[in-house]
Amino acid sequence: MPILVVIIVISFAFYIFYKIKSFRTHRPMEKKWLSGKSSMALGLFVFGFGVNQLFLYPTTTTYIVAALFILIGGFSIFGGYKMYKHYLPFAIKEAQEFTQG
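Residues numbered from 1 in each chain as written. Predicted model: local features only at pLDDT ≥ 70, side-chain atom pairs only at ≥ 80, totals over all residues. Heavy atoms only, no water.

**Notes on helix α3 (residues 60–100)**
The terminal C-alpha atoms of α3 lie 59 Å apart, and with 41 residues this matches the ideal 60 Å at 1.5 Å per residue to within 8%. Helix geometry: α3 is bent most strongly at Tyr87, by close to 40°, with proline Pro89 lying one to four residues after it. When α3 is considered as a whole, its buried residues turn out to be Thr62, Ala66, Gly73, Ser76, Gly80, Tyr87, Ala91 and Glu94. Turning to α3, the residues buried within the fold contact α2 (28–56). (Helix = DSSP H or I, 4+ residues; strand = E, 2+ residues; numbered from the N terminus. Expected span 1.5 Å × (residues − 1). Bend = angle between axes of the 7 residues up to and from the residue. Buried < 20%, exposed > 50% of the residue type's maximum accessible area, 1.4 Å probe, protein only. Contact = heavy atoms within 4.5 Å.)

**Structural notes on the pattern of salt bridges**
Using the criterion set out here, one finds one salt bridge in the structure. For Arg27, the salt bridge goes to Glu30, with nearest N and O atoms at 3.4 Å. Classification of Glu30 by relative accessible area gives buried; the value is 18%. (Salt bridge = Lys/Arg side-chain N within 4 Å of Asp/Glu carboxyl O.)

**Overview of helix α1 (residues 2–24)**
With 23 residues, α1 should cover 33 Å at 1.5 Å per step; its first-to-last C-alpha distance of 33 Å lies within 8% of that length. Along α1, the residues that are buried comprise Leu4, Ile8, Ser11, Tyr15, Tyr18 and Ser22. Looking at the buried residues of α1, the elements they touch are α2.

**Re the packing of α2 against α3**
Between α2 and α3, the least distance of the axes is 6 Å, while the angle of their chain directions is 160°. Between α2 and α3, the angle falls in the class roughly antiparallel. The handedness of the crossing between α2 and α3 is left-handed. For the contact of α2 with α3, the residue count by class is 23 nonpolar, 11 polar and four charged. (Axes fitted to C-alpha atoms, helices over the stretch in contact; angles between N-to-C directions. Parallel < 35°, antiparallel > 145°, perpendicular 65-115°, else oblique. Left-handed = near helix turned anticlockwise from the far one by under 90°. Nonpolar A, V, L, I, M, F, W, Y, C, P; charged D, E, K, R; others polar.)

Written as structure tokens, this is what we have:
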């Protein structure tokens, strides 16, 4: 499935992008907000990798490992989304305070 490979590569690229942005910022709330976004991207990477394995190797062991990857990726996406939504208002307020003074 070429579409899964594209999703895996793009999500990994977004993970690297957000991790670098998170490392380079000096504002604490923006750092946590970007960390949530990178967690979602990493979760999508792991989830996509697990789904891709289901199509490549149809064995029982692969199904078990792929199920673990899909669960871990799903939990990472969910946790990252909660983190993103929680820190978004604080990051906006922090950015407004930074531009005003």
